[in-house]
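Secondary and tertiary structure notes
This is what each chain is made of:
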Amino acid sequence: MGVRETVKEVWQRLAGVEAAGDATKGERKTAMLPAILSPYNPMRGGQPALPKPTPANLRKFAETPVVRRAINVVKDKIASMDWQVRVRRGYESASVEDCAARMNALRQCLEEPNTADSFRVLWEQVLEDLLVGGFGAVEMEATGDAARPFHLWAVDGATIQIDSKWDGDPAKPRYAQATGLPGQQKMVPLLDDELMYLRLNPRTHTPFGLGRLEVAFETVNQYLSASRYASKLASNSVVQYALWLNDATPEQHDRLIRWWQDEIEGTGRVPLLSCEQKPEVLRFAGGTDADLRLQWQDTLVRMIANAFELPPMLLGSMNDVNRSTATELADEAFQGAVVPVAKLLAEHITRDLFAKKLGWREFEFCFNALESRDEMEEVQIQKTLIEAGVMTVDEVRAMRGLTPLAPAATSTQTEAM
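1. What about the sheet that holds strand β7 (residues 195–198)?
As summarised here, the arrangement of the three strands in space is β3-β2-β7, forming an open sheet in which the pairing is antiparallel. The open sheet has two free edges, formed respectively by β3 (150–155) and β7, since each of these has just one partner strand. For this sheet, the mean inter-axis angle between neighbouring strands, taken without regard to orientation, is 20 degrees. Alignment of strand β2 (residues 136–142) against β3, held across six bridges, turns out to be antiparallel. In the strand pairing of β3, Met140 is matched with Leu152.

Here you go:
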């Protein structure tokens, strides 16, 4: 039996077990760190899938200072944002069965997605892969327990292969993880509702996304080369010039070298030379900071910032930055770099986890700080909407993730306004 037939049999057997309902619910299927077992081979298995190229190089570049700063600006902001689970638009809380209990269960599961990770630890791993290579992945497993309906595990997105011929059948595996193990365990098939796969910059000619570091890959390589050249040049103890003595004999040349080494070098004395012709200084470089190519490095930093959709100010480039533009650039960074990724994550949690995995389409996940970064501005808008009768106090409290007030307290606040 060939490799293709073996893998196909494993996929079909697993799909049949899932359809029949396995007794081991909520158990993890994917390997935790498959890259440690063996190097990732993108062509392993001969499946009709398109593996992600050069994940090792991308992650190596992600550990450099400029790129790490760009990733952390987006990743840390999203992972530390306040969030809530609320009733989806088009549904009413009164008409949803066990609304409060189910929302509480969803929040507890997201706060503690598995026995080892918290909300921030889990999604920081996913956001890291999403920004580096556009392949954020999370395994979702239902537990059958109403109090804890699911478990989540972060998956190495570089090991995920996508079946390009998947026809939308939920009973057929759409993804597979290359674990690096021998035999039938080398491929772990996953159904569409078992893996949450996040893509940045989705395109029609490939099933994979395009990570921001992939866009800046060549620029980062050039920056590292320029930085290494500058560091070697700056730390070189040999001066970048020489003295040329015209019509000097070999004996005079050797005598001058010995005199310089014995009497002048390292002593701080002023050398006095007397000869018929003045020695000429031959410079090998300009002798200024221009030799370090600092302007070129600043240009590369700006290009890296553009790839991550951030202003260069946040990556340490302080040219053309003043007090009047700093606030505007910070707002641009939040709206252009943070908000799209945060909304992408929230949409996947709502659609893949709540709707597909659990079938709870009445609820949605959202971040509370996406619409406005100015807290006082948001408070004034909400106050104006309440006074105009457009929104109620309970609706504003729901936007902030708070429970409704008691009827007596609501009427008292309304009369006070």
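Let's pick the thread back up.
2. Some thoughts on a nonpolar patch on the surface
A contiguous nonpolar surface patch, about 350 Å² in accessible area, is contributed by Tyr241, Leu243, Trp260 and Val281. As for its placement among the helices and strands, Leu243 is situated in strand β8 (residues 241–244). Judged by its relative accessible area of 46%, Leu243 is partly exposed.

3. Some points on the packing of aromatic side chains
The geometry of an aromatic ring pair is captured by the separation of the ring centres together with the interplanar angle, meaning the angle of the planes. One pass over the structure, following the stated rule, counts nine aromatic pairs. Both rings, one in Phe61 and one in Phe217, keep their centres 4.8 Å apart while their planes meet at 25 degrees; by these two values the pair is stacked. You can see Phe61 sitting in helix α3 (residues 55–61) and its partner Phe217 sitting in helix α8 (residues 217–235), a full 156 residues away along the chain. Relative accessible area serves as the criterion here: at 11%, Phe61 is assigned to the buried category. Phe217 gets classed as partly exposed once you look at its relative accessible area, which sits at 23%. Ring plane angle 90 degrees and centroid distance 5.1 Å describe the contact between Phe365 and Phe367, whose orientation is recorded as edge-to-face. Note on Phe365: relative accessible area 3%, which makes it buried. Within the aromatic cluster, the residues linked to one another by ring pairs are Trp83, Phe119, Trp123, Phe365 and Phe367. Directly above the ring of Trp83 sits Arg107, whose terminal nitrogen or CZ lies 4.1 Å from the centroid.

4. Regarding the nonpolar core
Core analysis: the largest hydrophobic core is formed by 70 residues, its most contacted members being Ile78, Leu110, Trp123, Leu310, Phe365 and Phe367. By residue number, the principal contributor to this core is helix α11 (residues 323–357), which donates 14 residues. Apart from residues lying up to four places away in sequence, Leu310 is in contact with Ala70, Val73, Val74, Ala305, Leu315, Ala333 and Ala337. Listed in part, the twelve residues of the second largest apolar core include Val155, Ile162, Leu190 and Tyr197.

5. Here we look at the sheet that holds strand β4 (residues 160–162)
Reading across the sheet, the three strands line up as β4-β5-β6 and stay open at both edges, with antiparallel pairing between neighbours. Only two strands of the sheet have a single partner each, and these edge strands are β4 and β6 (187–190). Adjacent strand axes in the sheet meet at a mean angle of 30 degrees when their direction is disregarded. Pairing of β4 with strand β5 (residues 175–178), which is carried by three bridges, proceeds in the antiparallel orientation. Within β5, the residue paired with Ile162 across the bridge is Tyr175.

6. Side note on the confidence of the model for the protein
Here the protein shows a mean pLDDT of 82. Residues at 70 or above account for 82%. Low pLDDT, under 50, characterises residues 17–23; the stretch is placed with four contacts to residues that sit more than four places away or in other chains. Low pLDDT, under 50, characterises residues 38–52; the predicted model gives this stretch 38 contacts beyond four residues in sequence or across chains.

7. Observations concerning the packing of helix α4 (residues 65–79) against α11
Here α4 crosses α11 at 50 degrees, and the two axes come no closer than 10 Å. Taken together, the axes of α4 and α11 are oblique relative to one another. For the pair α4 and α11, the crossing hand works out as right-handed. Facing α4, whose interface residues are Val73, Val74, Lys77 and Ile78, α11 presents Phe334, Ala337, Val338, Val341, Ala342 and Leu345. Classifying every residue of the contact of α4 with α11 by side-chain character gives nine nonpolar, no polar and one charged.

8. Remarks on unusual backbone geometry
Positioned with a positive phi, Asp98 is a non-glycine residue whose angle comes to about 50 degrees. With respect to the helices, strands and loops of the structure, Asp98 is situated in the loop between β1 (83–87) and α5 (99–111). One non-glycine residue with positive phi stands out, namely Asn201, at about 50 degrees. Within the secondary structure layout, Asn201 lies in the loop between β7 and α7 (212–215).

Conventions we followed
- Residues numbered from 1 in each chain as written.
- Predicted model: local features only at pLDDT ≥ 70, side-chain atom pairs only at ≥ 80, totals over all residues.
- Heavy atoms only, no water.
- Pairing = 2+ DSSP bridges.
- Helix = DSSP H or I, 4+ residues; strand = E, 2+ residues; numbered from the N terminus.
- Axes fitted to C-alpha atoms, helices over the stretch in contact; angles between N-to-C directions.
- Patch = residues over 30% accessible without salt bridge, like charges linked within 9 Å, V, L, I, M, F, W, Y side chains within 5 Å.
- Areas by Shrake-Rupley, 256 points an atom, 1.4 Å probe, with all protein chains shown as cover.
- Salt bridge = Lys/Arg side-chain N within 4 Å of Asp/Glu carboxyl O.
- Buried < 20%, exposed > 50% of the residue type's maximum accessible area, 1.4 Å probe, protein only.
- Phe/Tyr/Trp six-rings, centres within 6.5 Å; stacked < 30°, edge-to-face > 60°.
- Lys NZ or Arg CZ within 6 Å of the ring centre and 35° of its normal.
- Core = buried A, V, L, I, M, F, W, Y, C linked by side-chain atoms within 4.5 Å.
- Contact = heavy atoms within 4.5 Å.
- pLDDT = per-residue confidence, 0-100.
- Parallel < 35°, antiparallel > 145°, perpendicular 65-115°, else oblique.
- Left-handed = near helix turned anticlockwise from the far one by under 90°.
- Nonpolar A, V, L, I, M, F, W, Y, C, P; charged D, E, K, R; others polar.

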